Amino acid sequence: MRVILAPMEGVVDDHMRDILSTINPFDLVVTEFVRVVNQLLPEKVFYKLCPELLNHGLTPSGTPVRVQLLGQEPEWMAENAIRAIELGSNGVDANFGCPAKTVNKSKGGAVLLQYPENIYKIVKAMRDAVPSEQPVTAKIRLGYEDKSLFMENALAVYEAGASELAIHARSKTDGYKPPAYWEYITEVRKRLPIPVIANGEIWNAADAQRCIDVTGCDSVMIGRGAISLPNLGDTIKTGATPYTWLQTLTLLMSYTEKELSGRKSDYYPSRIKQWFSYLNRQYPEADALFRELRIYKTTEEIVKVLQQAHQSLR
């Protein structure tokens, strides 16, 4: 069974990948998307989004990292796929699931789910360009406004030569509202001879088992659940006990240290509040602490609140 950390734009950056891969036995982590328009991007763009490329495409704890590309031009997706591989990415992934309006307006992400033939051309161009020993993968949703083309899109990815397919079991219109429609993944898994990875509404180990039972997949991809319960991957894969609030708060302090010493330190207040919005689902203590720290805007004030909360539990 494989457990993969999903790409989450604006959430799972290299610091988060570092933190989470240290405490979870992930088989793979996927980056936030690299936006491809009409050019071969300079190396610095890849290194900025995926500094793990400087470590042979591995997180500090040794988990393989795969660069994800988002774009609509087959030629430029292929050129940038080659560059990602040459720089050390462990395979390359194509994003056909991003629901963001700004991305969809520029004909990228989930909007392409309306055009299976375009998905085919993009994946085929990437597959033809990338050395055969390197995986070319894709992540899709079940559709754009509806799910009528879910099988056509899945077949387009497979027939273009993809190594495997991850499916977020909702349409773009569904957004992130429950439920996830795992039964659609079941149909795809039965039809496609390549590995299919199930994604959507996996918040705990029991959810993961139900998803596996429904879909028949032997691989799951976790996104928001991995931020809500930091050691979710470990609970799924090894049966580990879910983190206590003290363990999670200790992890937050470690994350804080990394953020404040990195290039994104100015964004720390918004980033930590964003994480709390996910932790609230799992920990009542997170909700109580967030009510206290959300009024503060400066890093110093927020760190002080966290330190006091952490010390009070030790």
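Residues numbered from 1 in each chain as written. Predicted model: local features only at pLDDT ≥ 70, side-chain atom pairs only at ≥ 80, totals over all residues. Heavy atoms only, no water.

Student: Sorry, what's going on with the pairing of strand β2 (residues 28-35) here?
Tutor: In the case of a regular strand, side chains alternate between the two sheet surfaces. A large share of β2 lies buried, amounting to seven of its eight residues. Bridge analysis of β2 against strand β3 (residues 65-70) gives five bridges, and the strand direction is parallel. In the strand pairing of β3, Val 34 is matched with Leu 69. Note on the crossover from β2 through helix α2 (residues 43-49) to β3: the handedness is right-handed. (Buried < 20%, exposed > 50% of the residue type's maximum accessible area, 1.4 Å probe, protein only. Helix = DSSP H or I, 4+ residues; strand = E, 2+ residues; numbered from the N terminus. Pairing = 2+ DSSP bridges. Right-handed = clockwise from strand over helix to strand, strands pointing away.)

Student: In this structure, what is going on with the pattern of salt bridges? I would like to understand it.
Tutor: Oppositely charged side chains are able to pair whenever their charged atoms sit close together. Counted under the stated rule, the structure contains 12 salt bridges. Between Asp 27 and Lys 237 there is a salt bridge, with the nearest N and O atoms lying 2.4 Å from each other. Here Asp 27, found in the loop between α1 (14-23) and β2, pairs with Lys 237, found in helix α10 (residues 232-238); they are 210 residues apart in sequence, far enough to count as distant. A salt bridge links Arg 170 to Glu 201; the shortest N-O distance between them is 2.2 Å. Separated by 31 residues along the polypeptide, Arg 170 in strand β6 (residues 164-171) and Glu 201 in the loop between β7 (196-199) and α8 (205-215) bring together distant segments of the chain. Residues Arg 170 and Glu 201 agree in their burial class; the two are buried. (Salt bridge = Lys/Arg side-chain N within 4 Å of Asp/Glu carboxyl O.)

Student: Could you clarify how one ought to interpret the packing of helix α3 (residues 74-87) against helix α5 (residues 116-129) in this entry?
Tutor: The description of two helices packed together rests on the angle between their axes and the distance between the axes. Running from amino to carboxyl end, α3 crosses α5 at an angle of 35°, the nearest separation of the two axes being 8 Å. Of the two elements, α3 crosses α5, and the hand of that crossing is right-handed. Counting all contacts with α3, which are made through Pro 74, Met 77, Ala 78, Ala 81 and Ile 82, the residues of α5 involved are Lys 121, Ile 122, Ala 125, Met 126 and Ala 129. Tallied by class, residues from the contact of α3 with α5 come to nine nonpolar, no polar and one charged. (Axes fitted to C-alpha atoms, helices over the stretch in contact; angles between N-to-C directions. Left-handed = near helix turned anticlockwise from the far one by under 90°. Contact = heavy atoms within 4.5 Å. Nonpolar A, V, L, I, M, F, W, Y, C, P; charged D, E, K, R; others polar.)

Student: Teacher, can you tell me more about unusual backbone geometry here?
Tutor: The bulk of non-glycine residues show a negative phi, and the bulk of peptide bonds are trans. In this chain, Pro 178 is followed by Pro 179 through a cis amide linkage whose omega measures 5°. Within the fold, Pro 179 resides in the loop between β6 and α7 (182-191). Although it is not a glycine, His 56 sits at a positive phi angle of roughly 60°. Relative to the elements of secondary structure, His 56 occurs in the loop between α2 and β3.

Student: Help me understand α5 in this model?
Tutor: Residue pairs three or four apart in sequence face the same way in an α-helix, which turns once every 3.6 residues. The end-to-end C-alpha distance of α5 is 20 Å, a good match for the 20 Å that 14 residues give at a rise of 1.5 Å each. Of all the residues in α5, the buried ones are Pro 116, Ile 119, Ile 122, Val 123, Ala 125, Met 126 and Arg 127. Packing partners of the buried residues in α5 comprise β3, α3, β4 (92-96), β5 (136-143) and α6 (150-159). (Expected span 1.5 Å × (residues − 1).)

Student: In this structure, what is going on with the nonpolar core? I would like to understand it.
Tutor: Considering soluble globular proteins, one finds that nonpolar side chains tend to be buried as a cluster. Counting 96 residues, the largest nonpolar core has Leu 69, Phe 96, Leu 165, Phe 276 and Leu 306 as its most contacted members. Apart from the residues lying within four places of it in its own chain, the contact partners of Leu 69 are Val 34, Val 36, Phe 46, Met 77, Asn 80, Ala 81, Val 92, Asp 93, Ala 94, Asn 95 and Met 126. Formed by seven residues, the second largest nonpolar core is a distinct cluster that contains Leu 28, Val 30, Ala 166 and Met 221. (Core = buried A, V, L, I, M, F, W, Y, C linked by side-chain atoms within 4.5 Å.)

Student: Help me out: how do you make sense of the packing of aromatic side chains in this one?
Tutor: Aromatic rings considered in pairs are described by the distance between their centres and by the relative angle of their planes. Applying the stated rule across the entire model yields six aromatic pairs. Judged by centre distance (4.9 Å) and plane angle (85°), the rings of Phe 150 and Tyr 184 are edge-to-face. Within this pair, whereas Phe 150 is found in helix α6, its partner Tyr 184 is found in helix α7, the two being separated by 34 residues in sequence. Under the relative-accessibility criterion, Phe 150 is labelled buried at 12%. For Tyr 184, a relative accessible area of 23% translates into the label partly exposed. (Phe/Tyr/Trp six-rings, centres within 6.5 Å; stacked < 30°, edge-to-face > 60°.)

Student: Teacher, can you tell me more about the packing of helix α12 (residues 268-282) against helix α14 (residues 299-313) here?
Tutor: Between α12 and α14, whose axes approach to 9 Å, the crossing angle comes to 40°. By the angle between their axes, α12 is oblique relative to α14. By crossing handedness, the relation of α12 to α14 is classed as left-handed. Where α12 abuts α14, its residues Tyr 268, Pro 269, Ile 272, Lys 273 and Phe 276 lie against Thr 299, Ile 302, Val 303 and Leu 306. Here the residues of the contact of α12 with α14 sort into seven nonpolar, one polar and one charged. (Parallel < 35°, antiparallel > 145°, perpendicular 65-115°, else oblique.)

Student: Looking at this structure, how should I read the environment of Asn 118?
Tutor: Position of Asn 118 among the secondary structure elements: in helix α5. Separated by 172 residues in the primary sequence, Asn 118 and Phe 290 have C-alpha atoms spaced 44 Å apart.

Student: Would you mind going over the pairing of β6 with me for this structure?
Tutor: Of all eight residues in β6, eight are buried; the element is thus mostly enclosed. Pairing of β5 with β6 involves six bridges; the strand directions are parallel. Opposite Ile 140, over in β6, you have Ile 167 as the bridge partner. In this region the chain leaves β5, passes through α6 and returns to the parallel neighbour β6; the handedness of that crossover is right-handed. Note: β6 against β7, four bridges, orientation parallel. Residue Ala 166 lies in a different strand from β7, and its bridge partner there is Ile 197.

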